[in-house]
Amino acid sequence: MLFWWQAPAWSKIPRAQKRREEALRRMAALAERLRQQEPELDPKPILELPLEKLVQKLLADELSLESVLCSYLEEAMKVHQEVNCLTDFLDECEEQLQALKKLKKSERGLLYGVPISLKDVYDCMGHDSTCGLAQFLEKPAAKDGVIVKVLKAQGAIPFVKTNISQTLLSFDCSNPIYGQTLNPQNLKKTSGGSSGGEGALLAKGGSILGMGTDTGGSIRIPASFCGACGIRVTGYRLSNSGVASAVKGRKAVVTVAGPLAWDVESLALCLRALLSEHMHRLDPTVPFLPFREEVYSSNRPLRIGYYESDGFTQPSPSMARAVKLTSRLLRDAGHQVIPFSVPRTEYAFFHLYIGSLLADGGASLLEKLKGDIVDPSMKNTVTSLRLPNSLKRFLAWIWKYFEPRASQSLERLCGVGTPKKLWEQHTAVEEYQQEFIAKWRSLDLDVLLSPALDPAFYVGYPAKVQASSFYLGLYNLLNFPAGVVPVTTVTPQDEKELAFYRGYYRDHVDKSFQEGLSLTLDKPLCGSLMSSCSDLKAMGASDLGGERKPACAKATTLKSTGSIG
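Residues numbered from 1 in each chain as written. Predicted model: local features only at pLDDT ≥ 70, side-chain atom pairs only at ≥ 80, totals over all residues. Heavy atoms only, no water.

A. Molecular detail of the overall build of the chain. Helix and strand counts for the chain stand at 23 helices and 15 strands. Whereas a compact globule of 565 residues would reach a radius of gyration of roughly 24 Å, the chain reaches 22 Å, a difference of no more than 12%. Principal-axis analysis of the C-alpha atoms gives the chain an extent of 70 × 65 × 55 Å. By residue count, 61% of the 565 residues in the chain fall in the buried class. Of the contacts made within the chain by residues no fewer than 6 positions apart, 82% connect residues no fewer than 24 positions apart. Put simply, the chain shows about 21600 Å² of open surface, and 55% of that area lies on carbon and sulfur atoms. For the chain, the distance from the average site of its 67 positive side-chain charges to the average site of its 61 negative ones is 4 Å. (Helix = DSSP H or I, 4+ residues; strand = E, 2+ residues; numbered from the N terminus. Rg over C-alpha atoms; globule rule 2.2 N^0.38 Å. Buried < 20%, exposed > 50% of the residue type's maximum accessible area, 1.4 Å probe, protein only. Contact = heavy atoms within 4.5 Å. Areas by Shrake-Rupley, 256 points an atom, 1.4 Å probe, with all protein chains shown as cover. Lys, Arg positive; Asp, Glu negative; His and termini not counted. Charge placed at Lys NZ, Arg CZ, Asp CG, Glu CD.)

Below you can see the structure in the form of structure tokens.
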């Protein structure tokens, strides 16, 4: 019976793994052909260039397209060997390079010649978009997705696809097809998810710009864990056409696209390229709202709200310290910094976020997992979803006395039940959004500074501490733009203080949170201290020094109700 149930996975997965091996061999062959054209090529100076300078040199023909692509092909393969971050090679990048060479200078786009990596879910003609699911294998995309088309029109060269968590609903990065992606700063820790392949590849220099998606922190958590910058824009700001998802149809918690990069300037350049009339023509459901250059370049002092804790998950010492440090530096730079508190976090997480994410009781998710192997990162969730609702409610009643958060989770996993209750759920989300906005406006804020989730957890721990990801997921519920930017590194004092971490509930989640972050004395620290920052202007103010950060740097985050991107 077990063999029959998992038959599609057992047959499809080995073929997918073989296809990846063959794709990586073709990738190595292309790198070798390009290397033969420029045998004296030194990739180091190219790989050290920030995105804006790289584009300038490509547009001025100071660097050849071949030398840049060769450099990133070689580096991406090295990174993959260490952390297992690639799922596919996009062979068509060679043909695209040749097409770009024929363009007149006046026809070259904002990302001319830039090699770009794509999360597995972005449709590229002739390639699978798997979401880490066997059911999605051997169904190659018939055409490029809208975002991929716009990137190519702007001169970018998509060259690889990167690993994800199974179903995209875990902030680890593992699936039964392509395995576990590791954190390049500490191979015992996760790169984060679900865009973890992007985070790891960028952090180690195997890509200069990548595209992810974000339902509950899936761009921002890998950026935080790996020490990069990342942003999720407001929902429906970028096209979702040609972006795969394990579960479609959700309205209250919006999945959005967004870039990851080394610095804020690179994010801004990517959004300038994407927020175009071309995207609106390809997908008329996306409003034509160009990048607001006057906001990004403004020197007007900001009113910045901040909080060190959401009152639901006690922040790690490094998380709280990152916010304190950033708020002080922003104040010193002339901005006003005002305390803020998140309203009703526990209610927002269980009743609104989880209640909306799994409003159907997980039926759509379980359908996608039929015949598949369930990844360890999803096993607890899937096991709970498969329980009869009567048993979920009985266990929830028992656990409410000693594991109240587990009890509330089980209640929410039952789903809403009826269309009427689904509409009531949507109404409750809208009311919470208005409550949050009213509090924001009462303080006349421009942006909000908050902790991100960091440092990185050991592999296997994200499944035990899903509630902690609500530091990021809150802004998906609110549908606010939000991003992360590195600001500092974890200190020995942070490590000492973490030993005394107890959490607010002192339950198994709090215990796992402390265990999952704990550092071993003989290993380098890999955490990225981040906060989320949606307003790119404010992110730039928080990006200390504005230079490329080491992958173990931490970050701080700002959110905004209005986005320049």
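B. Main features of the pairing of strand 3 (residues 157–162). In terms of residue burial, strand 3 counts as a mostly covered element, since 6 of its 6 residues are buried. Pairing of strand 1 (residues 86–89) with strand 3 involves 3 bridges; the strand directions are antiparallel. What sits directly across from F89, in strand 3, is V160. Where strand 2 (residues 115–119) and strand 3 come together, 5 bridges link them in parallel fashion. (Pairing = 2+ DSSP bridges.)

C. Representation of the environment of L24 within the structure. Its place among the elements puts L24 in helix 2 (residues 7–37). Given a relative accessible area of 18%, L24 falls into the buried group. Each C-alpha atom, one on L24 and one on P140, is 18 Å from the other, the two residues being 116 residues apart in sequence. Contacts of L24, omitting those with residues within four sequence positions, involve M77, H80 and L86.

D. Spotlight on the UniProt feature "coiled-coil region" (unreviewed entry) in the chain. Listed under "coiled-coil region" (unreviewed entry) in the UniProt record, and renumbered for this structure, are residues 83–110. End-to-end, the C-alpha atoms of residues 83–110 are 31 Å apart, and along that stretch the chain is 36% helix and 14% strand. (UniProt positions renumbered as here; feature names shortened; annotations may be inferred.)

E. Highlighting the packing of helix 5 (residues 65–83) against helix 6 (residues 93–101). The interhelical angle for the contact between helix 5 and helix 6, taken along N-to-C directions, is 155°, at an axis separation of 10 Å. By the angle between their directions, the pair helix 5 and helix 6 is classed as roughly antiparallel. Between helix 5 and helix 6 the crossing geometry is right-handed. Contact residues: helix 5 offers L65, E66 and L69, while helix 6 offers C93, L97, Q98, L100 and K101. (Axes fitted to C-alpha atoms, helices over the stretch in contact; angles between N-to-C directions. Parallel < 35°, antiparallel > 145°, perpendicular 65-115°, else oblique. Left-handed = near helix turned anticlockwise from the far one by under 90°.)

F. The arrangement of the domain arrangement of the chain in detail. In terms of domain boundaries, the chain breaks down into domain 1 (11–297) and domain 2 (303–359 + 416–481 + 491–518 + 529–538). One C-alpha centre belongs to domain 1, the other to domain 2, and the line joining them spans 27 Å. Buried surface at the junction of domain 1 and domain 2, both sides included, amounts to about 2900 Å², of which 65% is carbon and sulfur. Our enumeration of links across domain 1 and domain 2 arrives at 0 salt bridges. At the junction of domain 1 with domain 2, the criterion picks out 13 residue pairs in polar contact (both at pLDDT 80 or more). Secondary-structure elements contributing two or more residues to the side of domain 1 that touches domain 2 are strand 6 (182–183), strand 7 (186–190), helix 9 (220–226), strand 9 (229–232), helix 10 (264–274) and helix 12 (293–296). At 5 residues, helix 9 tops the list of elements feeding residues into the side of domain 1 that touches domain 2. (Domains from an automatic or database assignment. Buried area = accessible area lost by both parts, 1.4 Å probe. Salt bridge = Lys/Arg side-chain N within 4 Å of Asp/Glu carboxyl O. Polar contact = N/O pair within 3.5 Å; in protein donor to acceptor, adjacent residues only side chain to side chain.)

G. Here's a closer look at the packing of helix 19 (residues 419–442) against helix 20 (residues 470–478). Between helix 19 and helix 20, whose axes approach to 9 Å, the crossing angle comes to 110°. The orientation of helix 19 with respect to helix 20, classified from their angle, is roughly perpendicular. Only L474, Y475, L477 and L478 of helix 20 make contact with helix 19, whose side of the interface consists of V429, Y432, Q433 and F436. Within the contact of helix 19 with helix 20, the residues separate by chemical class into 7 nonpolar, 1 polar and no charged. (Nonpolar A, V, L, I, M, F, W, Y, C, P; charged D, E, K, R; others polar.)

H. Representation of the pattern of salt bridges. A full pass over the atoms with the stated rule returns 23 salt bridges. The partner of D494 in a salt bridge is R321, with the nearest N and O atoms 2.7 Å apart. Of the two residues, D494 sits in helix 21 (residues 492–498) while R321 sits in helix 13 (residues 317–332), which places them 173 residues apart along the sequence. The class for D494 is buried, based on a relative accessible area of 5%. Overlapping salt bridges bring together R15, R19, D128 and E138 as one network.

I. Spotlight on the packing of aromatic side chains. Applying the stated criterion across every chain yields a total of 22 aromatic pairs. On the basis of an interplanar angle of 65° and a centroid distance of 5.2 Å, the ring pair of F349 and F470 is categorised as edge-to-face. In this pair, F349 is assigned in helix 14 (residues 345–357) and F470 in helix 20, connecting sequence segments 121 residues apart. Given a relative accessible area of 3%, F349 falls into the buried group. Measuring from ring centre to ring centre gives 5.6 Å for W440 and F480, while their planes differ by 85°; the resulting arrangement is edge-to-face. Taken as a pair, W440 in helix 19 and F480 in the loop between helix 20 and strand 14 (482–488) lie far apart in primary sequence, 40 residues in all. Classification of W440 by relative accessible area gives buried; the value is 2%. Classification of F480 by relative accessible area gives buried; the value is 5%. In this arrangement the basic side chain of K189 is found over the ring face of Y458, its NZ or CZ atom lying 4.6 Å from the centre. The ring of Y461 carries K464 above its face, with NZ or CZ at 4.4 Å from the centroid. (Phe/Tyr/Trp six-rings, centres within 6.5 Å; stacked < 30°, edge-to-face > 60°. Lys NZ or Arg CZ within 6 Å of the ring centre and 35° of its normal.)

J. The arrangement of the state of the cysteines in detail. Taken as a whole and judged by the stated rule, the model has 0 disulfides. C93 takes part in no disulfide bond, and the closest cysteine sulfur to it belongs to C124, at a distance of 11 Å. (Disulfide = S-S within 2.5 Å.)

K. Main features of helix 5. Across its 19 residues, helix 5 extends 27 Å between first and last C-alpha, which sits within 8% of the 27 Å expected from 1.5 Å per residue. Taken across its 19 residues, helix 5 has 16 buried, putting it largely inside the fold. Positive backbone phi, at 60°, marks N84, one or two positions downstream of helix 5. (Expected span 1.5 Å × (residues − 1).)

L. View of the UniProt feature "domain: Amidase" (unreviewed entry) in the chain. Listed under "domain: Amidase" (unreviewed entry) in the UniProt record, and renumbered for this structure, are residues 69–495. Taken end to end, residues 69–495 is 40% helix and 14% strand, and its two terminal C-alpha atoms sit 40 Å from one another.

M. Expanded view of the side chain of E198. Along the polypeptide, E198 turns up in helix 8 (residues 196–203). Despite its burial, E198 remains without a salt bridge, the nearest opposite charge being carried by K119 at 9.0 Å. Engagement of the side chain of E198 in a polar contact is seen with the backbone nitrogen of K119, the distance being 3.3 Å. The contact partners of E198, leaving out residues within four places of it in the chain, are S117, L118, K119, T162, G210, M211 and L260.

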